[in-house]
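What the coordinates show
Single-letter residue listing:
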Amino acid sequence: MTLATNTRRIVAGAIAAAALPVAAASSAFAVSTSGCTATPLTPEYAYTQANGVKVLNYKIAVTCSSGRTAHITQERWEEDDWPNGDDHLGTSTFSVRGSTTLNNYRTLVDGEIGQEEVFQKIRFYVVSDNGVVSGWTGWHTSATRSFYN
Ligand SMILES: [Ca+2]
Ligand SMILES: [Ca+2]
């Protein structure tokens, strides 16, 4: 390619990269359907048990308009680099009305040397009080956070 073309592509890429943090700071991970919105929050440290094992909180922020119930499935994962696949740590389900932040306290696994890189993903469907059932949303993934054991 010509130098001019290459320069234009670099500039376009820089603009896209600069715009990204703004979107992430608002609601990049929120997912909505049929009157409910849910956001899988980045796992956070909660406390350390007497046996020294850390406990994390996998929070989900949920808001439903009146007469709607969100049925949420949460999967918790630990990220690994290729050629290893990510480790599925567990699955939980929740039914939510109104606005709330769900707390799900889970012990930090120790599956490898060094830090554990954990994240969650969620999907959900909505049931309205008049019996209408939405389809499932796609899976939506939180940011990953690393924790030392
Ligand atoms: Ca890992
Ligand atoms: Ca470890």
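Notes on the structure follow. (Residues numbered from 1 in each chain as written. Chains lettered and ligands numbered in written order. Predicted model: local features only at pLDDT ≥ 70, side-chain atom pairs only at ≥ 80, totals over all residues.)

**Describing the overall build of the protein chain**
Of regular secondary structure, the protein chain possesses one helix and twelve strands. Taken from N to C terminus, the helices and strands of the protein chain fall in the order α-β-β-β-β-β-β-β-β-β-β-β-β. For the protein chain, buried positions account for 18% of its 149 residues. Excluding contacts between residues fewer than 6 apart, the proportion of contacts in the protein chain whose partners are at least 24 apart in sequence is 63%. (Helix = DSSP H or I, 4+ residues; strand = E, 2+ residues; numbered from the N terminus. Buried ≥ 20, exposed ≤ 12 C-beta atoms within 10 Å, placed from the backbone. Contact = placed C-beta atoms within 7 Å.)

**Topic: the sheet that holds strand β5 (residues 60-64)**
Spatially, the four strands line up as an open sheet ordered β1-β2-β5-β8, and their pairing is antiparallel. Among the strands making up the open sheet, the edge pair consists of β1 (31-33) and β8 (99-102). Between one strand and the next, the sheet's axes are offset by a mean angle of 15 degrees, whatever the strand orientation. Looking at chain direction, β1 and strand β2 (residues 36-40) are connected through three bridges and run antiparallel. (Pairing = 2+ DSSP bridges. Axes fitted to C-alpha atoms, helices over the stretch in contact; angles between N-to-C directions.)

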